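Each chain is listed here by its residues.
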Amino acid sequence: MTDYNKVIFVCKENVYLSPMAEWIFKSILMDKTKEIYSRGLVVLFPEPRNMKVTDVLMNHAVPCEEQTSKELTAEDVDENTLVIAMNFTEKVKLVEDFTLTENVYTLKEFVEEEGDVTDPYGGDEEAYENSYVELKDLLYKMKKRLEWS
């Protein structure tokens, strides 16, 4: 496996799943030398992270800073960057638009599971809580696969 030093979580707009994954992963990762970011594929203007995402992170005592959405750029990625899409459609867009053929996976694919991460968009607090639980489980598996402390 590549010796990654950076992970970028990607979702469509960078206000729901990818920022949630970013902060959960930062909270479970002991090795603070690794860079962890989130980005979006379609960011027309910077907007704050969804409040329901912030609420669920705070409810689980996950430290998170204020953030606004940022679009993924080619400069964000190098040969030691692991790019994790939340779903297969986003992975296809990464491959097509950024010509990324290596080191790009869906989160479930990376941990050798089927399907996409459940998107809480438009759901109630329970939907966001369910996404948190799903992401936390997948991210612990990701940490183990990467063999990061």
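Quick summary incoming for the structure in this document.

Procedures and definitions
Once a new chain begins, its residue numbering starts again from 1 and follows that chain's sequence as written. Where local features are concerned, this predicted model is filtered to residues with pLDDT of at least 70; where side-chain atom pairs are given and counted, the filter is 80 or more; whole-chain, interface and lining totals use all residues. Side-chain calculation: all heavy atoms of the structure are included, whereas hydrogens and water are not. To qualify as a helix, a DSSP run of H or I must reach at least 4 residues; to qualify as a strand, a run of E must reach at least 2; elements of each kind are numbered from the N terminus. Only the C-alpha atoms count toward the radius of gyration. The rule for a globule is 2.2 Å times the residue count to the power 0.38. The buried label goes to any residue with under 20% of its type's maximum accessible area, the exposed label to any with over 50%, and the partly exposed label to all in between, with areas taken from a 1.4 Å probe on protein chains only. Any two residues whose heavy atoms approach within 4.5 Å at even a single point are treated as in contact. The protein chains shown are the only cover counted for residues, whose accessible areas, like all others here, come from Shrake-Rupley with a 1.4 Å probe. Charged residues are defined narrowly, with Lys and Arg counted positive, Asp and Glu counted negative, and His plus the chain ends left uncounted. The atom standing in for a charge is NZ when the residue is Lys, CZ when it is Arg, CG when it is Asp and CD when it is Glu. Think of it this way: DSSP has to see at least two bridges between two strands before they count as a pair. With the strands pointing away from the viewer, any crossover whose connection runs clockwise from the first strand over the helix to the second is right-handed. By nonpolar core we mean a set of buried residues, namely Ala, Val, Leu, Ile, Met, Phe, Trp, Tyr and Cys, connected to one another through side-chain atoms within 4.5 Å. Stacked, tilted and edge-to-face are the three classes assigned to paired rings of Phe, Tyr and Trp, where Trp is represented by its six-membered ring and a pair needs centres within 6.5 Å; plane angles under 30 degrees give stacked, over 60 edge-to-face, the rest tilted. Two limits define a charge over a ring: the Lys NZ or Arg CZ must be within 6 Å of the ring centre, and within 35 degrees of the ring normal.

Some thoughts on the overall build of the chain
Next, step 1: A tally of regular secondary structure across the chain gives five helices and four strands.
Next, step 2: Reading the helices (α) and strands (β) of the chain from amino to carboxyl end gives β-α-β-α-β-α-β-α-α.
Next, step 3: The C-alpha radius of gyration computed for the chain amounts to 14 Å, which stays within 12% of the reference 15 Å derived for 149 residues, consistent with globular compactness.
Next, step 4: Across its three principal directions, the C-alpha atoms of the chain cover 35 × 35 × 30 Å.
Next, step 5: Across the 149 residues of the chain, 49% fall into the buried class.
Next, step 6: Partitioning the intrachain contacts of the chain with sequence separation of at least 6 by distance along the chain shows that 72% fall at a separation of at least 24.
Next, step 7: Counting every atom, the chain has about 8,100 Å² of accessible surface; 48% of that belongs to carbon and sulfur.
Next, step 8: Of note, the chain has its 17 positive side-chain charges centred 4 Å away from the centre of its 31 negative side-chain charges.

Quick notes on the pairing of strand S2 (residues 35-40)
Next, step 1: Two elements, strand S1 (residues 6-11) and S2, share six bridges in a ladder whose sense is parallel. From the neighbouring strand, phenylalanine 9 faces S2, where its bridge partner is serine 38.
Next, step 2: Handedness of the crossover is the feature at issue here: the chain leaves S1, passes through helix H1 (residues 17-28), returns alongside S2, and the resulting connection is right-handed.

Focus: the environment of isoleucine 84
Next, step 1: By the element assignment, isoleucine 84 lies in strand S3 (residues 81-85).
Next, step 2: Considered as a pair, isoleucine 84 and leucine 100 are 16 residues apart in the sequence and their alpha carbons are 12 Å apart.
Next, step 3: Look past the residues within four positions of isoleucine 84 in its chain and what remains in contact with it is Val7, Ile8, Phe9, Val10, Tyr105, Thr106, Leu107, Phe110 and Met142.

Some points on the nonpolar core
Next, step 1: Core analysis: the biggest nonpolar cluster contains 34 residues, and Phe9, Phe25, Leu135, Leu139 and Met142 have the highest contact counts within it.
Next, step 2: Those elements that place two or more of their residues in this core are S1, H1, helix H2 (51-59), S3, helix H4 (107-110) and helix H5 (125-146).
Next, step 3: Every residue in contact with leucine 139, bar those within four places of it in the chain, is listed here: Phe9, Ala21, Ile24, Phe25, Ile28 and Leu107.
Next, step 4: Counting 10 residues, the second-largest nonpolar core is a separate cluster that includes Ile8, Val10, Val83 and Leu94.

Digging into the packing of aromatic side chains
Next, step 1: Tallied over the full model, the rule gives five aromatic pairs.
Next, step 2: Centre to centre, the rings of phenylalanine 9 and phenylalanine 25 are 5.8 Å apart; their planes meet at 80°, and the pair counts as edge-to-face. With a gap of 16 residues between them, phenylalanine 9 in strand S1 and phenylalanine 25 in helix H1 connect regions that are remote in the sequence.
Next, step 3: By relative accessible area, phenylalanine 9 is classed as buried at 0%.
Next, step 4: Look at tyrosine 105 and phenylalanine 110: their rings are 5.1 Å apart centre to centre, the planes differ by 70°, and that puts the pair in the edge-to-face class.
Next, step 5: Clustering of aromatic rings is evident, with ring pairs tying together Phe9, Phe25 and Trp148.
Next, step 6: The aromatic ring of tryptophan 23 is capped on one face by lysine 26, whose charged end is 4.0 Å from the ring centroid.

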